[in-house]
Amino acid sequence: MIALGSDHAGFPLKTELKNHPDSIGVKYKDFGCYTPERFDYAIAAQKACDAVISGECDKAILCCGTGIGISIAANKVKGIRASACSDYFSAKYTRAHNDANCLCLGARVIGVGLAKELVDVFLTTEFEGGRHQTRVNQIMAIEAGEKLY
């Protein structure tokens, strides 16, 4: 199951994406917002990412105006590795090399067609592990307050 979330700026894109995961056999749960009225991205990010951390959902897809604000908020949730992506290569390799569990999209940056492609590659790309696992472990160590140097 995929956690979806957005602020008001990302609401139109999230609405378009809500039917898309179903077409590739993935179910989702929407953690807000539910209308185009003003809504803060930090709330949606925290709710959706908490569902990933709890195991209720496997990954999160979040939308705001640029994808940046909501990714910053998402990355504050312990255990989340969120990436704001606006191209295919980044969306693929954030999974393959960083084991990202949250894709953040900018509704004012990319169109619906590209957003669907990014969702597809993000959801179907597996983490490569190996040398990349060392780096993910380092990221998690920083998150735990450890010094790497």
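Calculation rules
Residues numbered from 1 in each chain as written. Predicted model: local features only at pLDDT ≥ 70, side-chain atom pairs only at ≥ 80, totals over all residues. Heavy atoms only, no water. Phe/Tyr/Trp six-rings, centres within 6.5 Å; stacked < 30°, edge-to-face > 60°. Helix = DSSP H or I, 4+ residues; strand = E, 2+ residues; numbered from the N terminus. Buried < 20%, exposed > 50% of the residue type's maximum accessible area, 1.4 Å probe, protein only. Lys NZ or Arg CZ within 6 Å of the ring centre and 35° of its normal. Contact = heavy atoms within 4.5 Å. Polar contact = N/O pair within 3.5 Å; in protein donor to acceptor, adjacent residues only side chain to side chain. Pairing = 2+ DSSP bridges.

1. Examining the packing of aromatic side chains
Then step 1. Taken as a whole and judged by the stated rule, the model has one aromatic pair.
Then step 2. Consider the rings of Phe 89 and Tyr 93, whose centres lie 4.5 Å apart with planes at 35°: the pair is tilted. On the criterion of helical spacing, the pair formed by Phe 89 and Tyr 93 is a turn pair, its members being four residues apart in helix α5 (residues 88–96).
Then step 3. The exposure class of Phe 89 is exposed, given its relative accessible area of 56%.
Then step 4. Note that Arg 95 overlies the ring of Phe 122, its terminal NZ or CZ placed 6.0 Å from the centroid.

2. Description of α5
Then step 1. When we look at burial in α5, the residues that qualify are Ala 91, Thr 94, Arg 95 and Ala 96.
Then step 2. Buried-residue contacts for α5 involve β3 (59–64), β4 (82–84), α6 (112–124) and α7 (131–143).
Then step 3. Between a side-chain oxygen at the N-terminus of α5 and the backbone nitrogen of Phe 89 the separation is 3.2 Å; the capping residue is Asp 87.

3. Comments concerning the pairing of β3
Then step 1. The element β3 is largely enclosed, with a buried count of six among its six residues.
Then step 2. Judged by which residues are buried, β3 turns out to be covered on both faces: Lys 59, Ile 61 and Cys 63 on one side and Ala 60, Leu 62 and Cys 64 on the other are all buried.
Then step 3. Pairing between β3 and strand β5 (residues 102–106): five bridges, direction parallel. Paired with Leu 62 across the two strands is Cys 104, which belongs to β5.

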